[in-house]
2 protein chains.
Amino acid sequence: MSTAKKQEFVTIIKRIMRKISDDVIKQNQMPILDLPKIGYDNTVWSDEKRMLTTGDKKIEVSPDSVKKIPTFAQYLVMANAVKKLIDEDMESTIRGMYYATLSNVGDGKNRQKFWTGQEDSDNAIKAVELLTGIPREEFSVTSKPKGMISGPIKLRVGGDIIDCNLGSRATSQLIPTNMGDVQIDDVKADFVMVVEKDTVLNNIRKSGFIQKYNAILLTGSGEPDRATRMMVKILNEQWKKPVVVFADADPWGLGIALRYKIGSESLSYDSERLVTPNAQVLGMMFSDIYQYNIPEVARLTASDEDINRANDMKKKPWMQNKQWQKELNLFLNKKEKCELDAFFKHGFKYLSETYLPQKLRMVGLI
Amino acid sequence: MSTAKKQEFVTIIKRIMRKISDDVIKQNQMPILDLPKIGYDNTVWSDEKRMLTTGDKKIEVSPDSVKKIPTFAQYLVMANAVKKLIDEDMESTIRGMYYATLSNVGDGKNRQKFWTGQEDSDNAIKAVELLTGIPREEFSVTSKPKGMISGPIKLRVGGDIIDCNLGSRATSQLIPTNMGDVQIDDVKADFVMVVEKDTVLNNIRKSGFIQKYNAILLTGSGEPDRATRMMVKILNEQWKKPVVVFADADPWGLGIALRYKIGSESLSYDSERLVTPNAQVLGMMFSDIYQYNIPEVARLTASDEDINRANDMKKKPWMQNKQWQKELNLFLNKKEKCELDAFFKHGFKYLSETYLPQKLRMVGLI
């Protein structure tokens, strides 16, 4: 974390503390902290920004908060632990933060654990995040990195330059979850291709796709973490690289593709840093199943959950264009889905040498 | 895959085919292929090799194999698909191989799927592996890489040199699952420290441990894949670097630590390439819970499964020394376990600046 960022964090924490002591001492009232409410019931679509954003519902952290809202003391203990983590310039997972703040309170018969479980401390971390406006990755509460990147791009990680083109037929670079540790140093690629799954990326990588099309290949390995989404956004908006996304032809895969393009309900409060409205979701379309003759034996039957999801998607404001409505209707009619891996039925190179180039040509990228 | 390896694979496949046609045409008998039986009931401990090895039980692949043994036709179809994958110099997952070989057989009322599910094709891949003696990663049927490495070591991956010391406070290099793609180019480290979990590695990495002790940090992210085990073995036996292993203080963690040192039942047929008998399992010992005053609130209660596992371990030939017996007895007596992360209770740097150095000093490594 940079010194300026550290200072910002500490300043915010102190300001909140001051407000609390004012409440208690000067106003003689119980302190209350307002947090933006998170989740589907406080997520709104912005036509102007073309992304999911947060509404104005609030929740209150108070000395006697219940359920998922951390109590006041829990919030304070966690804020303090985070400050310590920052001061020591160390890194921890959410589980590590749980251990760091574990204790028993009270004594004798009233003795009990400060956290009833890790879920409590996770919620307290979320509260610190929301109150300071700084995502937890930036105060070094990190997760296992899921994002991977290969191609003509150089990253500056912890002061060193890592060239993601080295060995890029056989390996990828992890995208550190703490984007504070990473800067993009140089990008020579013409465009960025995001694929849903790392296993599909490995296949494409091996084919020489990166070299042939001067592309960056990137994956979030399923649900993308924040660093991965942020990386995509920076490549598109600061480095002006077109971004295309490919996922499985099922409502789940389409949902993941849309995380990059419009955001997600659980992170809508952070959309402005994470979402790439200009990303193009190019495939796999439901119509591709038939267009590319995926044999019946390689198609999968849609589950009830898939159908519900698709019906739900059809009504969303961001799906109100002819192409998506047609695709979703086709899916609801045929009730069939398909993984990108199914192209292997046509040969191990079909995906990277036939399907993807055809799609990229359609939008003039190659 | 190198040209020599490719040739080897094709030669073995052809030899097997010839044997089959001999059986059918010359001997006029149903062809049968013998496979070594895999699993706990055909795993034997070798005192001499100090590792788990395979016994001499066999299973037979025949035209009418049942259950987990692939039928003859299934084996042939898969061997053919693998040959195609090699010829095209491509890479696939086991799921990709399933798709590549999917089909319907028979017609009309008898029409049915060639595989009843992916499990069938997975078993056929295993059969190809066992019959050729070449692990699937080496014919480019790969998995998501789980192994990560940081520190003063250079890898040659797909022809390029990757320096694992770059950015090593903030990121790690993935260990490609296909070790055929990787060579170790240079090792400047004094020793190799393996930790069970990647999240713990991130914490240690961040502290500057690598620079301070000139160490390689390596993790298999839980259950290590073959490439990770192989990397550890090569570093120990070819590069003569001492290897120490740290895992959580529970029977599960101890089991993972022992994968590196003695092998595993499911891969005992491949132990000679995977196992590092000279690796030292240094922690976390059950006695460390008390030695290092892990407070009660940060300890976990052992489950029945843990207890059974520990009782089972106590009888194993490789656990017959005073120290392990004492540790397991302590665990069975106290019924408490502990994660390495629990050291965070003593401060975010305690693990890397106090616990680990003390352990390493005990064996004279630092």
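Cut-offs and rules
- Residues numbered from 1 in each chain as written.
- Chains lettered and ligands numbered in written order.
- Predicted model: local features only at pLDDT ≥ 70, side-chain atom pairs only at ≥ 80, totals over all residues.
- Heavy atoms only, no water.
- UniProt positions renumbered as here; feature names shortened; annotations may be inferred.
- Helix = DSSP H or I, 4+ residues; strand = E, 2+ residues; numbered from the N terminus.
- Rg over C-alpha atoms; globule rule 2.2 N^0.38 Å.
- Buried < 20%, exposed > 50% of the residue type's maximum accessible area, 1.4 Å probe, protein only.
- Areas by Shrake-Rupley, 256 points an atom, 1.4 Å probe, with all protein chains shown as cover.
- Lys, Arg positive; Asp, Glu negative; His and termini not counted.
- Charge placed at Lys NZ, Arg CZ, Asp CG, Glu CD.
- Contact = heavy atoms within 4.5 Å.
- Buried area = accessible area lost by both parts, 1.4 Å probe.
- Salt bridge = Lys/Arg side-chain N within 4 Å of Asp/Glu carboxyl O.
- Polar contact = N/O pair within 3.5 Å; in protein donor to acceptor, adjacent residues only side chain to side chain.
- Nonpolar A, V, L, I, M, F, W, Y, C, P; charged D, E, K, R; others polar.
- Least-squares fit on C-alpha atoms with pLDDT ≥ 70 in both.
- Axes fitted to C-alpha atoms, helices over the stretch in contact; angles between N-to-C directions.
- Parallel < 35°, antiparallel > 145°, perpendicular 65-115°, else oblique.
- Phe/Tyr/Trp six-rings, centres within 6.5 Å; stacked < 30°, edge-to-face > 60°.
- Lys NZ or Arg CZ within 6 Å of the ring centre and 35° of its normal.
- Pairing = 2+ DSSP bridges.
- Domains from an automatic or database assignment.

The name given to chain A in an unreviewed UniProt entry is DNA topoisomerase (ATP-hydrolyzing), with Candidatus Nitrosocosmicus arcticus as the source organism. The record in UniProt for chain A states the following under Sequence similarities (unreviewed entry): "Belongs to the TOP6A family." Note on chain A: under the UniProt heading Catalytic activity (unreviewed entry), the record states "ATP-dependent breakage, passage and rejoining of double-stranded DNA."

Caption draft 1: Expanded view of the overall build of chain A. Within chain A, the secondary structure is distributed over 13 helices and 17 strands. For 366 residues, the compact-globule formula gives about 21 Å, and the C-alpha radius of gyration of chain A, at 23 Å, lands near that figure. Here the C-alpha coordinates of chain A stretch approximately 70 × 50 × 40 Å along the principal axes. Looking at chain A as a whole, 58% of its 366 residues qualify as buried. Within the structure as shown, chain A displays about 15600 Å² of accessible surface, and the carbon and sulfur contribution to it stands at 48%. Charged side chains in chain A number 54 positive and 48 negative. The centres of these two groups are separated by 2 Å.

Caption draft 2: Spatial organisation of the interface of chain A and chain B. Contact with chain A, which involves 59 residues of that partner, is made by 58 residues of chain B. Between chain A and chain B, the buried area comes to about 5100 Å², and carbon and sulfur atoms account for 59% of it. Among the residues chain A hides against chain B, the three largest losses belong to Tyr99, Lys206 and Phe348 of chain A. Together they make up 16% of the total. The interface formed by chain A and chain B includes six salt bridges. Glu339 of chain B is the partner of Arg95 of chain A in a salt bridge, and the nearest nitrogen-oxygen pair spans 2.6 Å. There are 17 residue pairs in polar contact (both at pLDDT 80 or more) connecting chain A and chain B. Elements supplying a minimum of two residues to the side of chain A that touches chain B: helix H2 (72–87), helix H3 (94–101), strand S9 (160–163), strand S10 (173–174) and helix H5 (198–206) of chain A. Across the side of chain A that touches chain B, the residue classes break down as 22 nonpolar, 21 polar and 16 charged.

Caption draft 3: Here's a closer look at the relation of the copies chain A and chain B. Superposing chain A onto chain B requires a rotation of 180° together with a translation of 0.0 Å along the rotation axis, leaving an RMSD of 0.0 Å. Considering both components of the superposition, the chain copies are consistent with a two-fold axis. The C-alpha atom lying nearest the rotation axis in chain A is that of Gln173 of chain A; the distance is 3.4 Å.

Caption draft 4: Structural detail: the UniProt feature "domain: Topoisomerase 6 subunit A/Spo11 TOPRIM" (unreviewed entry) in chain A. When the UniProt feature table is mapped onto this chain, "domain: Topoisomerase 6 subunit A/Spo11 TOPRIM" (unreviewed entry) is found at residues 191–360 of chain A. In this annotation, residues 191–360 of chain A is assigned 49% helix and 13% strand; the end-to-end C-alpha distance for the span is 10 Å.

Caption draft 5: Looking closely at helix H3 (residues 94–101) of chain B. Within H3 of chain B, six of the eight residues are buried, leaving the element largely enclosed by the surrounding structure. Those residues of H3 of chain B that sit buried are Gly96, Met97, Tyr98, Tyr99, Ala100 and Thr101 of chain B. Buried residues in H3 of chain B make contact with strand S16 (300–301) of chain A together with helix H2 (72–87) and helix H4 (118–132) of chain B.

Caption draft 6: Layout of the UniProt feature "active site" (unreviewed entry) in chain A. Sequence positions flagged by UniProt for "active site" (unreviewed entry) are, in local numbering, Tyr99 of chain A. Here Tyr99 of chain A is to be found in helix H3. For Tyr99 of chain A, a relative accessible area of 1% corresponds to the buried category. Apart from the residues lying within four places of it in its own chain, the contact partners of Tyr99 of chain A are Ala298, Leu300, Glu339, Asp341, Ala342, Phe344 and Lys345 of chain B.

Caption draft 7: View of the packing of helix H8 (residues 251–262) of chain B against helix H11 (residues 304–315) of chain B. Residue and element names in this part refer to chain B. Packing of H8 against H11 leaves a shortest axis separation of 9 Å and a crossing angle of 45°. On the basis of the axis angle, H8 is oblique to H11. For the pair H8 and H11, the contacting residues are Pro251, Trp252, Leu254, Gly255, Leu258 and Arg259 in the first and Asp306, Arg309, Ala310 and Met313 in the second. Considering only residue class, the contact of H8 with H11 consists of six nonpolar, one polar and three charged.

Caption draft 8: Looking closely at the packing of aromatic side chains. Applying the stated criterion across every chain yields a total of 24 aromatic pairs over all chains. Both rings, one in Tyr292 of chain A and one in Phe343 of chain A, keep their centres 5.9 Å apart while their planes meet at 85°; by these two values the pair is edge-to-face. Highlighted residues: Tyr292 of chain A in the loop between helix H10 (286–291) and S16 and Phe343 of chain A in the loop between strand S17 (336–337) and helix H13 (350–362), separated in sequence by 51 residues. Per residue, the accessibility class of Tyr292 of chain A equals that of Phe343 of chain A, and both read buried. Look at Tyr98 of chain B and Tyr99 of chain B: their rings are 5.7 Å apart centre to centre, the planes differ by 55°, and that puts the pair in the tilted class. Across this residue pair, the class does not change: Tyr98 of chain B and Tyr99 of chain B are buried. Taken together, Phe246, Tyr292, Phe343, Tyr350 and Tyr355 of chain A form an aromatic cluster joined through their ring pairs. Over the ring of Tyr290 of chain A we find Lys334 of chain A, and its NZ or CZ is 4.7 Å from the ring centre.

Caption draft 9: Unusual backbone geometry, seen in detail. Residues and elements named next belong to chain A. The residue after Gly283, namely Met284, is reached through a cis peptide bond having omega -10°. In this fold, Met284 is placed in the loop between strand S15 (280–283) and H10. The residue Ser140 is not glycine, and still its phi comes out positive at about 65°. Note that Ser140 resides in the loop between helix H4 (118–132) and strand S7 (148–150). One non-glycine residue, Ser221, lies in positive phi territory at about 50°. Tracing the sequence through the fold places Ser221 in the loop between strand S13 (215–219) and helix H7 (226–237). Residue classification places Ser221 among the buried positions, given a relative accessible area of 12%.

Caption draft 10: Fine view of the sheet that holds S9 of chain A. Residues and elements named next belong to chain A. Across the sheet, which stays open at both edges, the three strands sit in the order S9-S8-S11 with antiparallel pairing between neighbours. With one partner strand each, in any of the chains shown, S9 and strand S11 (182–187) form the two edges of the open sheet. Neighbour-to-neighbour, the strand axes of this sheet turn through a mean angle of 30°, independent of strand direction. As paired strands, strand S8 (residues 153–157) and S9 are joined by four bridges and run antiparallel to one another. Within S9, the residue paired with Leu155 across the bridge is Ile162. The strands touched by H7 are S8 and S11; relative to S11, the strand with the most contacts, the crossing angle is about 35°.

Caption draft 11: Local environment of the pattern of salt bridges. Residues and elements named next belong to chain B. A complete count under the given rule lists 44 salt bridges over all chains for this structure. With its nearest N and O atoms 2.2 Å apart, the salt bridge here joins Glu129 to Arg226. Within this pair, whereas Glu129 is found in helix H4, its partner Arg226 is found in helix H7 (residues 226–237), the two being separated by 97 residues in sequence. Each member of the pair, Glu129 as well as Arg226, carries the same accessibility label: buried. Glu339 serves as the salt-bridge partner of Lys197, at 3.1 Å between the closest nitrogen and oxygen.

Caption draft 12: Structural detail: the domain arrangement of chain A. Residues and elements named next belong to chain A. If you check the domain split of chain A, you get domain 1 (3–139) and domain 2 (148–362). Between the C-alpha centres of domain 1 and domain 2 the distance comes to 33 Å. Counting residues at the interface gives 19 residues for domain 1, matched by 22 residues for domain 2. Of the roughly 1800 Å² buried between domain 1 and domain 2 on both sides combined, carbon and sulfur atoms contribute 54%. Applying the counting rule to domain 1 against domain 2 returns four salt bridges. With its nearest N and O atoms 3.1 Å apart, the salt bridge here joins Glu137 to Arg226.

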